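Notes for the structure review
Next come the chains, spelled out residue by residue.
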Amino acid sequence: MAKIKFVATDMDGTLLNSKKEIHEEFYEVFKEMKEKNIIFAAASGRQYYSLLETFDNIKDDMMFIAENGTFVMYKGKEIVTNTLDRELAMELVSIARKVDEGYTVLCGKNSAYIESDDSRLVNEVSKYYKRYKIVDDITTVDDDILKVTICDFKGAEENSNNYFTEYRDKAQVTVSGEIWLDITAKNVNKGVAIKEIQDLLGIKYEETAVFGDYLNDLEMMSSGYYSYAMKNAHEDLKKVARFIAKSNDENGVVEAIKELIR
């Protein structure tokens, strides 16, 4: 087995259990990784500031691959940024506003922006975005745009995903959760971000382990030899992963990392 130098894991449905909790054993294993100079990264569709709060006690010793690979921070430094062209973003917003039972979230580098105070939307957005603002018109926001997201209460895979068929050659359209559709710049995803990180830090494919559970983790599965889909993962992810980890409610990520590094 090659020596592991980099571990990246998705959050919801992967490292977090069904109650959105991190298993207490994780922090012991994180300490082991740090002692072995293994870089640990949270790779999520979540906002950077949300991830920062979750890992407050260890934030200075880990990496954050936020907003599905559009924004990467390591030890307080911005090392990868893949923004979405503003003109294209506005076209996407125009379509997103037409999605039945859908709400548009404009994800900027400094904050997320929504146009509704609907309690359902605010409740969902607040789970993943520590910084968000309710504005009258998201097209007037002055911020670097990382992605356009739709919170789709009808179900992203079957509903909002179908609104953007003609944009698949211009942007990366990804179902990232049951009610979430994320649209980023073309060929920008967690997998591409990890390959950029590997190039920057001199880390090999054979030295990388990745964990995921949903369709926004598909490309990430090809960025490391030790690719794990959770037992609770989407079936399409299981098809492309090399290994299956125990479920997120069985501490699957931590159990697999222990096997890899000990």
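Summary of the structure given here. Being a predicted model, the structure only gives us computed values, none of them experimental.

What follows is about empty space enclosed by the protein. Under the definition given, this model contains one cavity of 30 Å³ or more. The space that makes up the largest cavity amounts to roughly 40 Å³. Considering the residues around the largest cavity, the lining is formed by Asn68, Gln172, Thr174, Asp182, Thr184, Val188, Asn189, Lys190 and Asn216. Among the elements of the structure, β10 (171-177) and β11 (180-185) are those that each provide at least two residues to the lining of the largest cavity. Along the lines of polarity and charge, the residues of the lining of the largest cavity split into one nonpolar, six polar and two charged.

Before going further, it helps to examine the sheet that holds strand β7 (residues 112-114). One open sheet holds the six strands; their spatial order is β8-β7-β6-β9-β11-β10, and the pairing between them is mixed. This sheet does not close on itself; its edge strands, each paired only once, are β8 (132-134) and β10. Pairs of neighbouring strands in the sheet enclose a mean axial angle of 25 degrees, with direction left out of account. Looking at chain direction, strand β6 (residues 102-108) and β7 are connected through two bridges and run antiparallel. Paired with cysteine 107 across the strands is alanine 112, a residue of β7.

As a further point, take the layout of surface pockets. Taken as a whole, the largest pocket spans an internal volume of roughly 530 Å³. Secondary structure elements with two or more residues in the lining of the largest pocket: α1 (11-15), α5 (119-128), β9 (145-152), β10 and β11. Taken together, the residues that form the lining of the largest pocket break down as seven nonpolar, twelve polar and ten charged.

Reading across from one edge, β5-β4-β3-β2-β1-β12-β13-β14 is the order of the eight strands in this open sheet, with mixed pairing throughout. Of all strands in the sheet, those bounded by a partner on one side alone are β5 (77-81) and β14 (243-245). Ignoring which end each strand starts from, the neighbouring axes of this sheet average 20 degrees apart. As paired strands, strand β3 (residues 63-66) and strand β4 (residues 71-74) are joined by four bridges and run antiparallel to one another. Considered in β4, the bridge of isoleucine 65 is made with valine 72.

At a closest axis distance of 10 Å, the pairing of helix α2 (residues 26-35) and helix α8 (residues 252-261) adopts a crossing angle of 30 degrees. Considering their axes alone, α2 and α8 lie roughly parallel with respect to each other. The two elements α2 and α8 cross, and the hand of that crossing is left-handed. Residue-level inspection shows Phe26, Val29, Glu32 and Met33 of α2 in contact with α8, the latter providing Val254, Ile257, Lys258 and Ile261. Within the contact of α2 with α8, the residues separate by chemical class into six nonpolar, no polar and two charged.

This part covers unusual backbone geometry. For lysine 20, which is not glycine, the phi torsion reads 65 degrees and is therefore positive. Structurally, lysine 20 can be placed in the loop between α1 and α2. In the Ramachandran plot, asparagine 68 falls in the positive-phi region, its phi being about 55 degrees despite a non-glycine side chain. Among the secondary structure elements, asparagine 68 is positioned in the loop between β3 and β4. Relative accessible area serves as the criterion here: at 4%, asparagine 68 is assigned to the buried category.

Basis of the calculations
Residues numbered from 1 in each chain as written. Predicted model: local features only at pLDDT ≥ 70, side-chain atom pairs only at ≥ 80, totals over all residues. Heavy atoms only, no water. 1 Å grid on protein atoms, 1.4 Å probe; cavity = no way out; pocket = protein on both sides within 12 Å on 5 of 7 lines; lining within 4 Å. Points joined across faces, edges and corners; volume = space filled by probe spheres on them. Helix = DSSP H or I, 4+ residues; strand = E, 2+ residues; numbered from the N terminus. Nonpolar A, V, L, I, M, F, W, Y, C, P; charged D, E, K, R; others polar. Pairing = 2+ DSSP bridges. Axes fitted to C-alpha atoms, helices over the stretch in contact; angles between N-to-C directions. Parallel < 35°, antiparallel > 145°, perpendicular 65-115°, else oblique. Left-handed = near helix turned anticlockwise from the far one by under 90°. Contact = heavy atoms within 4.5 Å. Buried < 20%, exposed > 50% of the residue type's maximum accessible area, 1.4 Å probe, protein only.

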